[in-house]
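Coordinate inspection notes
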Amino acid sequence: MPKTIAHKPSSLAMNTDRAFIDCLRHQGVLSRAAIASQTGISKPTISESAQRLLTRQVIVECNKKDTKSSKRPSVLYEINKQRGASLAIVLDDVSIQLKLSDLQGNECQSRHLTYSEGRTSAEYTKDLLTAIKGIMINTTPPLLSIGLSVADPIHPKDGSVVRMPNSPFPVAQDIHFIQQLEDAFHCSVVIDNDVNWATLFEREITQLDNFIYVFLGRGIGCGLFFERKLIRGHNGMAGEIGYVTLKNGKHLLESCYQGTTINNALLKPGNIDRQLIEEITEAIRLTCQITHPETLILGGPIAVDPANYFAIAAQLNIALPNISIQLSQAPDNASLAGAAIGAHQLALLSLGLIDEDNNIAQLGFYRLYEHNTVAKLD
């Protein structure tokens, strides 16, 4: 059975190996001397680390050598991209996006598949497993981890999909994603909702400490990032601004944010309904009134269209004059980019190459698959 295994630093060797890997993660290719210089760890200790990591096939020697640092060419090392792969998946009711990455974090391939509405949970699960098998067909490295993004709230304590009315993705509430993926692919899995993944991506790119990310698409969601931490709430419902009560006494998701109104905004660029703009602005204003973010970031398919973005931003600038309003760094695929970062971190964790406490504190619910722990650093 899969188990949650904590990888905590317990030796100088473990810390040295993690420092070695961290240098390669950020700079790609380095010599032992360069790593020793950057980490402040002695050259003999770094050399011992290189041998351990070579034995475990986590790093490889490059074909080229460093001829600049000394008269004697130095061996260069890089992360072994064939040691394992990570897979990011973004799910909504009618599409599946997949992004496969190597152990360095580089994209290997990606796919975007579309489906009909109204599938049963069994049909949806079958399509999901088929899509994953399809992208893995020609992949040599073993799959170490999956980062799953779901267009519904995820409970942070058990990874289940939270049931809620007017959900844009109701079939997800009947699927046990963690168990399905572990059983089928025998790897570690991390799960969170799409807006949280997008928020973590925006944090990675902007390095903002206090901001709100708002997703505008077939559903509406909000990621709350304050004091360098993503806020999920005790049940994963923090930031669900679709359930903010508006002046008309209705929630945004049960008011005009549904049916033909939202479809027109998605299908006809620049054709966003005035009432929809006003209600989106009201929900965001109420959220900002009690959280006071420094910056508000807009993303999602509605915000991608320049006419829509500027119309909404104009209203928000009036309602929130002291808050900086920005367009997402990746309005089309921030959730996929965030899930890819999370999946890569989980792959490194499953090999014991990063510190669980210090490196992945922002991830949502995850479980490490037991068989991966054989590669743990000792």
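Residues numbered from 1 in each chain as written. Predicted model: local features only at pLDDT ≥ 70, side-chain atom pairs only at ≥ 80, totals over all residues. Heavy atoms only, no water.

A word on the overall build of the protein chain
- Along the protein chain, the regular secondary structure elements total 12 helices and 14 strands.
- The burial tally for the protein chain puts 55% of its 378 residues in the buried class.
- Contacts in the protein chain between residues at least 24 apart in sequence constitute 65% of all its contacts with a sequence separation of at least 6. (Helix = DSSP H or I, 4+ residues; strand = E, 2+ residues; numbered from the N terminus. Buried < 20%, exposed > 50% of the residue type's maximum accessible area, 1.4 Å probe, protein only. Contact = heavy atoms within 4.5 Å.)

A short note on the environment of E282
- When you line up the elements, E282 lands in helix α8 (residues 274-291).
- Judged by its relative accessible area of 13%, E282 is buried.
- Considering only alpha carbons, one finds E282 and L252, 30 residues apart in sequence, at a separation of 9.3 Å.
- Non-local contacts of E282, meaning those with residues more than four positions away in its chain, are made with L246 and K247.

Observations concerning the confidence of the model for the protein chain
- Summary statistics for the protein chain give a mean pLDDT of 87 and a share of 88% for residues scoring 70 or more.
- A low-confidence stretch, residues 372-378 stays under pLDDT 50, and its non-local contacts, those more than four residues away or across chains, total 21 contacts. (pLDDT = per-residue confidence, 0-100.)

Remarks on the sheet that holds strand β13 (residues 324-327)
- Strand order in the open sheet made by the 5 strands is β11-β10-β9-β12-β13, with mixed pairing throughout. Single-partner strands in this sheet number two, and they are β11 (229-231) and β13. Across the sheet, the axes of successive neighbouring strands diverge by a mean angle of 25°, strand direction being ignored.
- Pairing geometry for strand β12 (residues 295-299) and β13, over 4 bridges, is parallel. (Pairing = 2+ DSSP bridges. Axes fitted to C-alpha atoms, helices over the stretch in contact; angles between N-to-C directions.)

Observations regarding the pairing of strand β4 (residues 85-91)
- With 7 of 7 residues buried, β4 lies mostly within the body of the structure.
- Side-chain alternation along β4 places A85, L87, I89 and L91 on one buried face and S86, A88 and V90 on a second face that is also buried.
- In terms of strand pairing, β4 meets strand β5 (residues 95-102) through 7 bridges, oriented antiparallel. Residue pairing in the sheet places L87 in a bridge with L100 of β5.
- Between β4 and β5, which pair antiparallel one after the other, the connecting turn spans 3 residues.
- Taken together, the 7 bridges between β4 and strand β7 (residues 143-150) define a ladder with parallel strand orientation. Across the sheet, the residue bridging to L91 is V150, located in β7.

Structural notes on unusual backbone geometry
- Of note, Q57 is a non-glycine position whose phi angle comes to about 65°, a positive value.
- When you line up the elements, Q57 lands in the loop between α3 (43-55) and β2 (59-66).
- By relative accessible area, which is 52% here, Q57 ends up exposed.
- Positive phi, normally seen in glycine, also occurs at Q207, with a value near 60°.

Section: α8
- Across its 18 residues, α8 extends 26 Å between first and last C-alpha, which sits within 8% of the 26 Å expected from 1.5 Å per residue.
- Where α8 is concerned, the buried positions are L276, I277, E279, I280, T281, E282, A283, I284, T287 and C288.
- Near the N-terminus of α8, the side chain that reaches the backbone nitrogen of Q275, with its oxygen 2.8 Å away, is that of D273.
- With its phi angle positive at about 55°, H292 sits one or two positions after the end of α8. (Expected span 1.5 Å × (residues − 1). Polar contact = N/O pair within 3.5 Å; in protein donor to acceptor, adjacent residues only side chain to side chain.)

Side note on the pattern of salt bridges
- Inspection of every chain in the model, using the stated rule, returns 11 salt bridges.
- Each of R203, D209 and R228 takes part in a single network of salt bridges with overlapping partners. (Salt bridge = Lys/Arg side-chain N within 4 Å of Asp/Glu carboxyl O.)

Overview of the sheet that holds strand β6 (residues 107-114)
- Judged by pairing direction, the sheet is mixed, and its 6 strands sit side by side in the order β6-β5-β4-β7-β8-β14 without closing on themselves. Every other strand in the sheet has two partners, leaving β6 and β14 (365-367) as the edge strands with one partner each. On average, adjacent strands in this sheet sit at an angle of 10° to one another, irrespective of strand direction.
- Taken together, the 6 bridges between β7 and strand β8 (residues 188-193) define a ladder with parallel strand orientation. The partner of S145 across the bridge, within β8, is S188.
- Taken strand by strand, helix α4 (residues 121-136) contacts β4, β5, β6 and β7, and its axis lies near 30° from that of β5.

A short note on the pairing of strand β10 (residues 220-226)
- Within β10, 7 of the 7 residues are buried, which leaves it mostly tucked inside the rest of the structure.
- Burial along β10 is two-sided: I220, C222, L224 and F226 and G221, G223 and F225, pointing in opposite directions, are all buried.
- One ladder, built from 6 bridges, connects strand β9 (residues 211-216) with β10; its direction is antiparallel. By the bridge assignment, L216 is partnered in β10 with I220.
- Taking the residues that link successive antiparallel strands as the turn, the β9-β10 hairpin has 3 residues.
- Examined bridge by bridge, β10 and β11 share 3 bridges and lie antiparallel to one another. Across the sheet, residue F225 finds its bridge partner in β11, namely L230.

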